[in-house]
Amino acid sequence: MEPSRGSPDARPAVTLVAAVLPAGGSGERLGGATPKQFCAVQGRPLVSHTVRAMERISWISNIIVVVSPENIETMKSIIEKYGHKRVTIVKGGITRHRSIFNGLKVFAENEFSNHLLQKPEVVIIHDAVRPFVEEDILSKVVMAAKEHGAAGAIRPLVSTVIASAADGCLDHSLERARYRASEMPQAFLFDIIYEAYQQCTDYDLDYGTECLHLALKYCKTNAKLVEGTADLWKVTYKRDLYAAESIIKDNLSQQVCVITDVKEAVVQVGSLLQESLKSQIKVEAISISLSKNDSHLLNIFSGWCYNFVSINDKKYAIQETQQLVDLLEKSNVPLLYPVVLISVHLDTSENISFSIDMEELARIKKFAREMKKKNILVYGLFIKYK
């Protein structure tokens, strides 16, 4: 059983969906030499968190990351290090709109890719520095775009917008209740947004910032506005990096990965555990052979989960636990706060009595003490299962 990637209830009735992530900003407002999309948050670059949010959704077929020419190699190394899939890197332009246009061209023009990707029915445009996008809002804007041609997330204005006169004094203010802040993600029928960019003037390409406006101006498409959630904010300033790290830590504490081998009884227990937990926390259930799928587990261990439940029916549970710890250390995830690893051993034998050898128990306790020094908390649970 592969990891669950996308709720059936959230899957939009669209034939093909792709995502374009502009990631070419210089990060001037952040300060420092490193562009914000490449700043480390919880041990991995911010852009990696956003890509991961997209690739965990099974119905997004292709993820286009648009970066400035000087950062293409950096982005390639990120994709390789964190095992990202379905990602194509595209060279960005000198402005946001030119970068997005380049990202769209990989579906229509050979010169921007070694081979054309299959043209999507709907394309999502989302900032690479907005890592907290959820499947629900993505599905809503995609479905709204299919019906209306374009759609975008919005949020209430926090502050009143004012205009100043030439002398620097107040000219007028806007009625805050009538206006909304345009956020990401946005979604479009591909043919509409691509036509809009093709017709775009150089002025719009160089100075514009709003994709929904281009669809309206050049294709007469009125976008459907979808109420977004509070976590759609954009990392802009240095303080936002600290806030992002805090949110990611909180999210990680609310996720658990249930790992089982491929035996029927073990998989069944894992499924029961997943069902009982999913109403309280996010649960990924994976049935996998540790000896044959190290690369897949390494990708899972690379920062998205700090809580694991390993279920097995092997005679010596500590061997399985040691394999998981070895993989965790191999992933080079910075253990900034404790990893919790619960090893569940199932006894599926016909024996009525169930006991553990004291020597084996002593080994488990010693192993747990050693792991605690590495910020890995190991717990054991033994269950008689029929």
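Residues numbered from 1 in each chain as written. Predicted model: local features only at pLDDT ≥ 70, side-chain atom pairs only at ≥ 80, totals over all residues. Heavy atoms only, no water.

You'll find the protein entered in an unreviewed UniProt entry as D-ribitol-5-phosphate cytidylyltransferase, with Chunga burmeisteri given as the organism. The UniProt entry for the protein carries the following comment under Subcellular location (unreviewed entry): "Cytoplasm, Cytosol". (UniProt positions renumbered as here; feature names shortened; annotations may be inferred.)

J.: How would you sum up the sheet that holds strand β6 (residues 122-125)? Please name residues and give values.
T.: Here we have seven strands laid out as an open sheet, ordered β5-β4-β1-β6-β10-β7-β11, and mixed in their pairing. A single partner strand is all that each edge strand has here, and the edge strands are β5 (87-91) and β11 (224-227). Neighbour-to-neighbour, the strand axes of the sheet open up by a mean angle of 25°, direction not taken into account. As defined by bridge partners, strand β7 (residues 150-156) adjoins strand β10 (residues 180-189) across six bridges and the pair is classed as antiparallel. Among the inter-strand pairings, Ala151 is bridged to a residue of β10, identified as Ala187. (Pairing = 2+ DSSP bridges. Helix = DSSP H or I, 4+ residues; strand = E, 2+ residues; numbered from the N terminus. Axes fitted to C-alpha atoms, helices over the stretch in contact; angles between N-to-C directions.)

J.: Any chance you could break down unusual backbone geometry for me, citing the residues and the numbers?
T.: That bond from Met184 to Pro185 is cis: its omega, 10°, falls within 30 degrees of zero. Along the chain, the position of Pro185 falls in strand β10. Although it is not a glycine, Arg86 adopts a positive phi angle of roughly 60°. Among the structural elements, Arg86 can be located in the loop between α2 (72-82) and β5. The phi torsion at Lys220 lies on the positive side, around 55°, for a residue other than glycine.

J.: Break down a positive patch on the surface for me, citing the residues and quoting the values.
T.: On the surface, a cluster of positive charge is made up of Lys365, Lys366, Arg369 and Lys373. Looking at where Lys366 falls in the secondary structure, it is placed in helix α12 (residues 358-372). (Patch = residues over 30% accessible without salt bridge, like charges linked within 9 Å, V, L, I, M, F, W, Y side chains within 5 Å. Areas by Shrake-Rupley, 256 points an atom, 1.4 Å probe, with all protein chains shown as cover. Salt bridge = Lys/Arg side-chain N within 4 Å of Asp/Glu carboxyl O. Lys, Arg positive; Asp, Glu negative; His and termini not counted. Charge placed at Lys NZ, Arg CZ, Asp CG, Glu CD.)

J.: If you had to explain the pattern of salt bridges to someone new, which residues and values would you point to?
T.: Applying the stated criterion across every chain yields a total of nine salt bridges. Two residues, Asp136 and Lys140, come together in a salt bridge whose shortest N-O distance is 3.3 Å. On the criterion of helical spacing, the pair formed by Asp136 and Lys140 is a turn pair, its members being four residues apart in helix α4 (residues 135-148). Among the residues examined, Lys140 registers a relative accessible area of 43% and is labelled partly exposed. Asp204 serves as the salt-bridge partner of Lys217, at 2.9 Å between the closest nitrogen and oxygen. (Buried < 20%, exposed > 50% of the residue type's maximum accessible area, 1.4 Å probe, protein only.)

J.: I'd like a description of the packing of aromatic side chains, backed by residues and values.
T.: Counted according to the given criterion, the structure contains six aromatic pairs. Seen from their ring centres, Phe107 and Phe190 are 5.7 Å apart, and the 80° between their planes marks the pair as edge-to-face. Taken together, the residues Phe107 in the loop between α3 (96-105) and β6 and Phe190 in helix α5 (residues 190-199) connect sequence positions 83 residues apart. Considering the side-chain rings of Phe190 and Tyr194, the 5.4 Å spacing of their centres and the 15° angle between planes classify their relative orientation as stacked. Of this pair, Phe190 and Tyr194 both sit in helix α5, four residues apart, which is roughly one turn of that helix. (Phe/Tyr/Trp six-rings, centres within 6.5 Å; stacked < 30°, edge-to-face > 60°.)

J.: Tell me about the sheet that holds strand β16 (residues 376-384), residues and numbers included.
T.: What the five strands build is an open sheet, ordered β13-β12-β14-β15-β16; its pairing is parallel. Edge positions in the sheet fall to β13 (282-287) and β16, since each has one partner strand and no second. For this sheet the average axis-to-axis angle between neighbouring strands, irrespective of direction, equals 15°. Of the strand pairs in this sheet, strand β12 (residues 255-260) and β13 are connected by six bridges, and their pairing is parallel. Its bridge partner lying in β13, Val256 is registered against Val283.

J.: I'd like a description of the side chain of Ser310, backed by residues and values.
T.: Note on placement: Ser310 falls in strand β14 (residues 307-312). Apart from the residues lying within four places of it in its own chain, the contact partners of Ser310 are Ile259, Glu320, Leu324, Ile342, Ser343 and Val344. (Contact = heavy atoms within 4.5 Å.)

J.: Lay out the nonpolar core in plain terms, naming residues and giving numbers.
T.: Among the nonpolar cores identified, the biggest contains 37 residues, and Val47, Met54, Ile60, Val65, Met75 and Ile124 are the most heavily contacted of them. Mapped onto this core, the elements with two or more residues apiece are β1 (17-22), α1 (46-55), β4 (60-67), α2, β6, α4 and β7. Tallying contributions element by element places α4 first for this core, with six residues. Contacts of Met75, omitting those with residues within four sequence positions, involve Phe38, Val47, Val51, Val65, Val67 and Ile89. Counting 30 residues, the second-largest nonpolar core is a separate cluster that includes Val90, Phe107, Leu214 and Tyr218. (Core = buried A, V, L, I, M, F, W, Y, C linked by side-chain atoms within 4.5 Å.)

J.: Any chance you could break down the packing of α3 against α5 for me, citing the residues and the numbers?
T.: At a closest axis distance of 10 Å, the pairing of α3 and α5 adopts a crossing angle of 130°. Put simply, α3 runs oblique to α5. As for the relative orientation of α3 and α5, their crossing is left-handed in sense. Taking contact as the criterion, the partners of His97, Ile100, Phe101, Leu104 and Lys105 in α3 are, on α5, Phe190, Ile193, Tyr194, Tyr197 and Gln198. (Parallel < 35°, antiparallel > 145°, perpendicular 65-115°, else oblique. Left-handed = near helix turned anticlockwise from the far one by under 90°.)

J.: Quick one: what's the story with the environment of Val344, residue by residue and with numbers?
T.: You can see Val344 is positioned in strand β15 (residues 339-347). We classify Val344 as buried; its relative accessible area is 7%. Spatially, the C-alpha atoms of Val344 and Ile383 are 7.3 Å apart, while their sequence positions differ by 39 residues. Not counting residues up to four positions away in its chain, the partners in contact with Val344 are Val309, Ser310, Ile311, Asn312, Leu381 and Ile383.

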